[in-house]
Each structure stands twice: as structure tokens, then as C-alpha cells.
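As a plain string of letters, each chain reads:
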Amino acid sequence: MEKTAYEATVEIKNADGLHMRPAMQFVDIANQFDCDITVSNGENTVDGKSIMQMSMLAATCGTKLAVKAEGPNAEEAIQALQKLVEKKMFDEPPPKNRKK
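What counts and what doesn't
- Residues numbered from 1 in each chain as written.
- Predicted model: local features only at pLDDT ≥ 70, side-chain atom pairs only at ≥ 80, totals over all residues.
- Heavy atoms only, no water.
- Buried < 20%, exposed > 50% of the residue type's maximum accessible area, 1.4 Å probe, protein only.
- Helix = DSSP H or I, 4+ residues; strand = E, 2+ residues; numbered from the N terminus.
- Pairing = 2+ DSSP bridges.

**Q** Which residues make up the pairing of strand S4 (residues 64-70), and what values do they have?
**A** Taking every second residue as pointing to the same face, the buried face of S4 carries Leu65, Val67 and Ala69, while none of Lys64, Ala66, Lys68 and Glu70 on the other face is buried. Where strand S1 (residues 5-11) and S4 come together, seven bridges link them in antiparallel fashion. Paired with tyrosine 6 across the bridge in S4 is alanine 69. As judged from the five bridges shared by strand S2 (residues 36-40) and S4, these two strands associate in the antiparallel manner. Within the sheet, the bridge partner assigned to aspartate 36 lies in S4 and is glutamate 70.

**Q** I'd like a description of unusual backbone geometry, backed by residues and values.
**A** What is expected of a backbone is that most residues other than glycine have negative phi and most peptide bonds are trans. Within the chain, methionine 89 stands out as a residue other than glycine whose phi angle is a positive 50°. Tracing the sequence through the fold places methionine 89 in the segment after helix H3 (74-87). Unlike most non-glycine residues, aspartate 91 shows phi in positive territory, near 60°. Residue placement: aspartate 91 occurs in the segment after H3.

The following block contains the structure:
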């Protein structure tokens, strides 16, 4: 039986980036789905269901991450993670525009 895979690129938009609290939110959502999830920042690829590995990405505001899900719930997982990262922004504020 062949696994279904979905991929998406997401951009970290909240001011403080992917620190421990947002990383835990990501992992909590990822673990709700029956699929393997990997996340890459271009240099490192980590398990999207592991808080320790996600924290190693050190993704700051503006970082683009490639998220790949493979398995029965892959499409739903990608949609939920995209919503968390780009729409909800981990329930955190965006960066303040600094005017000189």
C-alpha cells in the first residue's frame, strides 16, 4: 500500500519566531494525525512530532519551513499546521512595524 504525501512551505510570521511554546503547539497538532511529519529549514530536517527536534530549527520571524506529511491523514495534517503557523501565528502578535 502506497503512502500519500503532501508538502507545503510555511513562513514564521509571529514576532518571536518558533520558540518553545509555539514549537509545542506545532508538535501537539502534528501528533493528532496518523502520518509522519518532517520539517526542514533548508539545513536541518527534523521530526515534526518531536519537541526536542523542532526546537533545534531555531526558526525566527521570516524563516520559511518546508513541512512534509506522509500517511493516511497527511493532507489534513498539512492544512492544520499551515493554519497554525500562517493564519493563527501561534496566537502571538506579528512583529511591530518600526518607523524611523
